[in-house]
Amino acid sequence: GAFSRSSISSSGSSAHVVRDGDVTGAAQVSSCPGSCAVAALFLYFPFWISGRGFRMVTMGRVDLFLIAASNALCSPLAVFVQIQGCIICLTLALGWAFAARVRNREIRKMKVQIKRGNSFAFLCDDINDLDHYNQINLPRVSVVMPLKGFGEHNLQNWRSQMTSLYGGPVEFLFVVESIEDPAYHAVSLLISEFKDSIDAKIVVAGLSTTCSQKIHNQLIGVERMHKDSKYVLFLDDDVRLHPGTIGALTAEMEKNPKIFIQTGYPLDLPSGSLGSYCIYEYHMPCSMGFATGGRTFFLWGGCMMMHADDFRNDRHGLVTSLRDGGYSDDMTLAAVAGAHKRLITSPPVAIFPHPLASDLNFSRYWNYLRKQTFVLESYVTGMNWLMNKALFTSHCYLSWGFVMPYFMALFHIVAALRSGSYAGKETHSNCGLLLVGCLAVSTIIELLSMWNLTKVEIQLCNMLSPEEPSVSLGSYNWGLVFIAMLVDNFLYPVSAFRSHFSQSINWSGVRYHLKNGKVDKIDRMRDPRMLCSDLSGKHLYSKRVASASFLNSLARNFAQWRQPKKFDDIKNGQSGSDLLVGGTPPPPP
């Protein structure tokens, strides 16, 4: 109706709108709901293709459309969507502020210990815990690491895991699918460097048939662990441990035997590509659930410490749930813990630097996001299915609820800039600019809170690994962080819906098909390009094993001090470590 009384005239190569009054009437189309902006487009469209051929439309018509669209986006529903986006930003900022507070408390505690003369505060709170009497009574721990491929940072990650300064007996089980896996030869070379100073084995698990390959490798590792192991620690091959991580996790398990699982979370170190920043942005909201300093309902499969007897006795049917159709180890175990009201905790020191591959392109990020959304399609019980659907719905709603205000803000900003052509005319509502201002302030607060949490976690990681090169916050590009926030939240619902309707996923060259929430079919694609995970690099065999560091030497001294007889036997020609590959020694790399 606003345009029905307008006449369109054309002269030469230009056209203009003549209204019964002034141009404000065109802007009054915004009195209708948000669909008026679309209606305005359809009203203009016939004039674009009619008359004297396809002539260029003047900025007058485009200005009218932008003004109409901007005013339409000031309707009650549109205002609600934009205010909701501001609330989402501020909620994230508040959550990250609380997470930074928890991590900061641990930093302050370590600084106090250092001032009191505890130079080993990165290992334990009380230096008396390093006494010989306390060390010899520490429980045995088996570290199980399922491997797939050999990437850019894997060697350094494995080295950090093997140079743990845990004073008790510990064994490392590297589990591969076959000796053809590139990780097999790389780990063999790394273990040979340490010789007999650590108890390390390579286990060949074979192909999985009823569950994901990762879960299959984990279960085979549990079967091969030492019979006296009290705890089992599952680690991903992209986890970079601190020297005191195993000791800190074990100490918490000893303090509270009711703990079912202890977990941690990675701190992504972007490599500079947009894909790496998207992964960093994807993990940051989840990090709030792991920075509680205690009880949590979240679980990350990259670091999980559990009671070994829970696997030996198949407590709560956890082994059965994993083996019979399990796709995601952490989602399955979290479902078991929730169903039986078992305790999951995340200590504040369980934060691990996670350098992302330098060649992490956007397609690999997309495949990673597809795997993350696909886990919501797997479930163990009916309640687990219901929880996953609630997560699916809420995450999709909040993701697009976060992104939509920024698209609306574009209309407000451009319309405000173009409305300057009509000086002295009230063509554009100030409501749009007010909403843009609120969104800008909320975004700045959110980015500052994210920056602060990242800074605190980097400082904590540097203190927990004093020998490692310091991680710097200066390498982060916060412009790309903002773009990644929009890209990741826009693509998450797309990926989630695709996972829901496809019910299949390609994970490192293996396609898994789900049926009723469990792995029903496995297709193995013999693709030689699938040699590494989505987050690891592709520079295979490009790095030589570095010389032993101070931590390596200190780890050997700890082991020799704890088991002097073993090292006396080694000096006499007996081996204290072996490589188990189906019961036979591995061929030379």
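Everything that follows concerns the structure shown earlier in this document.
Parameters and conventions
Residues numbered from 1 in each chain as written. Predicted model: local features only at pLDDT ≥ 70, side-chain atom pairs only at ≥ 80, totals over all residues. Heavy atoms only, no water. Salt bridge = Lys/Arg side-chain N within 4 Å of Asp/Glu carboxyl O. Helix = DSSP H or I, 4+ residues; strand = E, 2+ residues; numbered from the N terminus. Buried < 20%, exposed > 50% of the residue type's maximum accessible area, 1.4 Å probe, protein only. Pairing = 2+ DSSP bridges. Axes fitted to C-alpha atoms, helices over the stretch in contact; angles between N-to-C directions. Contact = heavy atoms within 4.5 Å. Right-handed = clockwise from strand over helix to strand, strands pointing away. Patch = residues over 30% accessible without salt bridge, like charges linked within 9 Å, V, L, I, M, F, W, Y side chains within 5 Å. Areas by Shrake-Rupley, 256 points an atom, 1.4 Å probe, with all protein chains shown as cover. Polar contact = N/O pair within 3.5 Å; in protein donor to acceptor, adjacent residues only side chain to side chain.

Novice: Would you take a moment to explain the pattern of salt bridges for this structure?
Specialist: Pairing between side chains of opposite charge can happen when their charged atoms approach one another. The final tally for this structure, using the stated rule, is 18 salt bridges. Of the charged contacts, one joins Asp 236 and Lys 214 as a salt bridge, the two residues approaching to 2.9 Å between their closest N and O atoms. Placement of Asp 236 in the loop between strand E6 (231–235) and helix H9 (245–255) and of Lys 214 in helix H8 (residues 213–224) is noted, with a sequence separation of 22 residues between them. Its relative accessible area of 16% is what places Lys 214 among the buried residues. A salt bridge links Glu 377 to Lys 389; its shortest N-O distance comes to 3.4 Å. Remark: Lys 389 occurs in helix H15 (residues 382–418) and Glu 377 occurs in the loop between helix H14 (362–374) and H15; sequence separation between them is 12 residues. Note on accessibility: Glu 377 and Lys 389 belong to one class, buried. If you follow the salt bridges from partner to partner, you end up with Glu 106, Lys 109 and Asp 125 in one network.

Novice: Teacher, can you tell me more about the sheet that holds strand E14 (residues 518–524) here?
Specialist: Paired through their backbone hydrogen bonds, the strands of a sheet run either parallel or antiparallel. Taken in spatial order, the 3 strands of this open sheet run E12-E13-E14, and their pairing is antiparallel. Each having just a single partner strand, strand E12 (504–507) and E14 make up the two edges of the open sheet. Each neighbouring strand pair of the sheet contributes to a mean axis angle of 25°, computed without reference to strand direction. Examined bridge by bridge, strand E13 (residues 510–515) and E14 share 6 bridges and lie antiparallel to one another. When the sheet's bridge partners are listed, Val 510 is paired in E14 with Arg 524. Sheet contacts for H14: E12 and E13; angle to E12, the most-contacted strand, approximately 130°.

Novice: It is not clear to me how the pairing of strand E3 (residues 141–146) should be interpreted in this structure. Could you clarify?
Specialist: As a general feature of sheets, a regular strand has side chains that alternate between the two faces. Of all 6 residues in E3, 6 are buried; the element is thus mostly enclosed. By the alternation rule, side chains of E3 split into Val 141, Val 143 and Met 145 and Ser 142, Val 144 and Pro 146, which are all buried. As paired strands, E3 and strand E4 (residues 170–176) are joined by 6 bridges and run parallel to one another. Bridge assignment links Val 141 to a residue of E4, and that residue is Val 170. Between the parallel pair E3 and E4, the chain is carried across by helix H6 (residues 154–162), and the sense of this crossover is right-handed. Pairing geometry for E3 and E6, over 4 bridges, is parallel. What sits directly across from Val 143, in E6, is Leu 233.

Novice: How should I be thinking about a nonpolar patch on the surface in this particular structure?
Specialist: On the surface, Trp 400, Met 404, Phe 407, Leu 410, Phe 490 and Val 494 cluster together into a nonpolar patch covering about 560 Å² of accessible area. Sort the elements by how many residues they give to the nonpolar patch and H15 lands first, with 4 residues. Its location among the elements puts Phe 407 in helix H15.

Novice: Could you clarify how one ought to interpret the side chain of Asn 489 in this entry?
Specialist: Within the secondary structure, Asn 489 is located in helix H17 (residues 478–502). Given the relative accessible area of 13%, Asn 489 is considered buried. A polar atom in the side chain of Asn 489 sits 2.6 Å from the backbone oxygen of Met 485. Once you skip the residues sitting within four places of it in the chain, Asn 489 turns out to touch Glu 281, Ser 399, Trp 400, Phe 402 and Val 403.

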